[in-house]
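Below are the chains, spelled out letter by letter.
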Amino acid sequence: MPDSYDSGQTNARSNVQSVDRVFDIIEELSCFSRGMHLSDLAAKLNLHTSTVHRLLNTLVQRGYVHKDSSTGKYRLTMRLFEIGSRVIGDSNIVSLAKPMLDHLADITGEAIHLVIPQEDEVVYLYKSDAASSMVRMGSSVGLHNPMYCTGVGKALLACRSDEEIRTLWNRTKFVKYTKNTITGYEQMLHELEQIRKRGYSIDDEEHEVGIRCIATVVKDIRDIPVAAISISAPVNRLGQEKVLKYSQSLIAAADDISSLLGNTGSKPR
């Protein structure tokens with residue numbers, strides 16, 4: 001029995017290692033659109049030529065890799081694109097994010113938003129109001145709002161370079177929606193630095209009187225912020241204690257959505 005068990009463990013480790021190597025091959029070939037010779041690929045991956053040749057043959061048979069008969073080079077086919085397109089075709093960021101956003105609405109009892117950046121504004125793609133909430137936010141799907149005075153907008157701004165922020169700032173026509181609206185450049189830079197340190201932004205009655213909001217970004221496979229999500233509530237319901245509590249759930253939801261978009265979370269938020 002011990003010998004059989006050990007043999008099973010060894011086979012399992014070997015299978016996992018083979019899967020890892022297959023993905024190493026795919027990822028390496030993706031960097032060379034004109035293909036690679038077997039010897040070059042093996043050297044890049046620091047693997048025996050025979051091992052790489054065996055795995056490549058399987059990928060060729062499955063249609064993921066093509067071997068050019070004239071050059072002997074191996075290159076990826078459109079098979080992976082075809083599979084990825086099925087996923088994209090059957091879903092978008094709203095349908096991917098909806099379960100997490102609805103869950104967030106349920107556990108907080110507050111309004112949840114999903115937005116995407118569009119030039120210097122944010123566009124609301126989805127809104128989830130908790131069934132138990134007696135207060136309805138003025139936001140709605142399709143609404144456009146400025147970046148500088150919204151939690152979602154500031155979360156996205158915090159991910160931009162100083163040069164991008166300066167350019168946006170210089171072309172923005174500011175409206176002081178409330179006494180808390182930030183319209184000073186140096187004050188905004190300080191605010192954005194605090195957002196980077198915390199991992200989430202706070203809209204403290206900057207766009208709507210009586211409404212507080214916390215927000216963070218969603219990143220795609222390239223680690224680029226493509227959306228932001230937020231929790232919004234009346235200030236008397238979203239005090240400091242709940243801001244700290246809900247921010248963790250908010251970040252977790254954003255990380256889950258980012259993972260579905262292919263983000264590995266290898267870089268700091």
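Our subject is the structure that appears above.
Here goes a summary of the coordinates provided.

What counts and how
- Residues numbered from 1 in each chain as written.
- Predicted model: local features only at pLDDT ≥ 70, side-chain atom pairs only at ≥ 80, totals over all residues.
- Heavy atoms only, no water.
- Helix = DSSP H or I, 4+ residues; strand = E, 2+ residues; numbered from the N terminus.
- Buried < 20%, exposed > 50% of the residue type's maximum accessible area, 1.4 Å probe, protein only.
- Contact = heavy atoms within 4.5 Å.
- Areas by Shrake-Rupley, 256 points an atom, 1.4 Å probe, with all protein chains shown as cover.
- Axes fitted to C-alpha atoms, helices over the stretch in contact; angles between N-to-C directions.
- Parallel < 35°, antiparallel > 145°, perpendicular 65-115°, else oblique.
- Left-handed = near helix turned anticlockwise from the far one by under 90°.
- Nonpolar A, V, L, I, M, F, W, Y, C, P; charged D, E, K, R; others polar.
- Phe/Tyr/Trp six-rings, centres within 6.5 Å; stacked < 30°, edge-to-face > 60°.
- Lys NZ or Arg CZ within 6 Å of the ring centre and 35° of its normal.
- Salt bridge = Lys/Arg side-chain N within 4 Å of Asp/Glu carboxyl O.
- Pairing = 2+ DSSP bridges.
- Expected span 1.5 Å × (residues − 1).
- Bend = angle between axes of the 7 residues up to and from the residue.

Okay, the overall build of the protein chain next. Helix and strand content of the protein chain: nine helices and eight strands. Within the protein chain, buried positions represent 42% of all 269 residues. Across the protein chain, every contact between residues at least 6 apart in sequence was considered, and the portion connecting residues at least 24 apart equals 57%. Accessible surface, the protein chain as shown: approximately 15,100 Å² in total, 52% of it carbon and sulfur.

Residue placement: L101 occurs in helix α5 (residues 93–108). By relative accessible area, which is 0% here, L101 ends up buried. Considered as a pair, L101 and I229 are 128 residues apart in the sequence and their alpha carbons are 8.2 Å apart. Apart from the residues within four sequence positions on either side, L101 is in contact with I112, L114, Y126, S128, I229 and I257.

A pair of packed helices is captured by two measures, namely the crossing angle of their axes and the spacing between those axes. Remark: helix α7 (residues 162–171) packs on helix α8 (residues 185–198), axes separated minimally by 12 Å, with the N-to-C direction vectors making an angle of 140°. In terms of axis orientation, α7 runs oblique to α8. The chirality of how α7 crosses α8 is right-handed. The residues of α8 that touch α7, namely those facing D162, I165, R166 and W169, are Y185, M188, L189, L192 and R196. Here the residues of the contact of α7 with α8 are counted per class, giving six nonpolar, no polar and three charged.

Tallying each qualifying case throughout the model produces three aromatic pairs. Between Y148 and F174 the ring centres are 4.9 Å apart and the planes differ by 70°, which places this aromatic pair in the edge-to-face class. In this pair, Y148 sits in the loop between β5 (144–146) and α6 (151–157) while F174 sits in the loop between α7 and α8, placing the two residues 26 residues apart along the sequence. Look at F174 and you get partly exposed, because its relative accessible area is 30%. Members of the aromatic cluster, joined through ring pairs, are Y148, W169, F174 and Y185. Looking at R166, its charged tip hangs above the ring of Y185, at a distance of 3.8 Å from the centre. In this arrangement the basic side chain of R198 is found over the ring face of Y200, its NZ or CZ atom lying 5.3 Å from the centre.

Take the pattern of salt bridges next. The tally for this structure, following the rule as stated, stands at nine salt bridges. A salt bridge links D120 to R171; the shortest N-O distance between them is 2.7 Å. Of this pair, D120 sits in the loop between β3 (111–118) and β4 (121–128) while R171 sits in helix α7, and the two are 51 residues apart along the sequence. R212 serves as the salt-bridge partner of D204, at 2.9 Å between the closest nitrogen and oxygen. Each of K154, E191 and E206 takes part in a single network of salt bridges with overlapping partners.

On to the sheet that holds β4, then. With respect to topology, six strands assemble into an open sheet ordered β5-β4-β3-β8-β7-β6, the strand pairing being antiparallel. Among the strands making up the open sheet, the edge pair consists of β5 and β6 (201–204). On average, each strand axis in the sheet is tilted by 35° relative to the strand beside it, whichever way the strands run. Bridge analysis of β4 against β5 gives three bridges, and the strand direction is antiparallel. Pairing of V122 across the sheet is with N145, part of β5. α5 rests against β3, β4 and β8 (225–234) of the sheet, and its axis sits at about 65° to β4. Together, β6, β7 (211–219) and β8 form the strand contacts of helix α9 (residues 240–260), whose direction differs from that of β7 by roughly 30°.

On to α9, then. With 21 residues, α9 extends 30 Å between its outermost C-alpha atoms, agreeing within 8% with the 30 Å of an ideal straight helix rising 1.5 Å per residue. Along α9, the sharpest change in direction is near 25° and occurs at Y246. Those residues of α9 not exposed but buried are V243, Y246, S247, L250, I251, A253, A254, I257 and S258. Of the surrounding elements, those touching the buried residues of α9 are α5, α8, β6, β7 and β8. Of the residues flanking the end of α9, it is G262, one or two places downstream, whose phi is positive at about 100°.

All we've got here are geometric facts, nothing functional implied.
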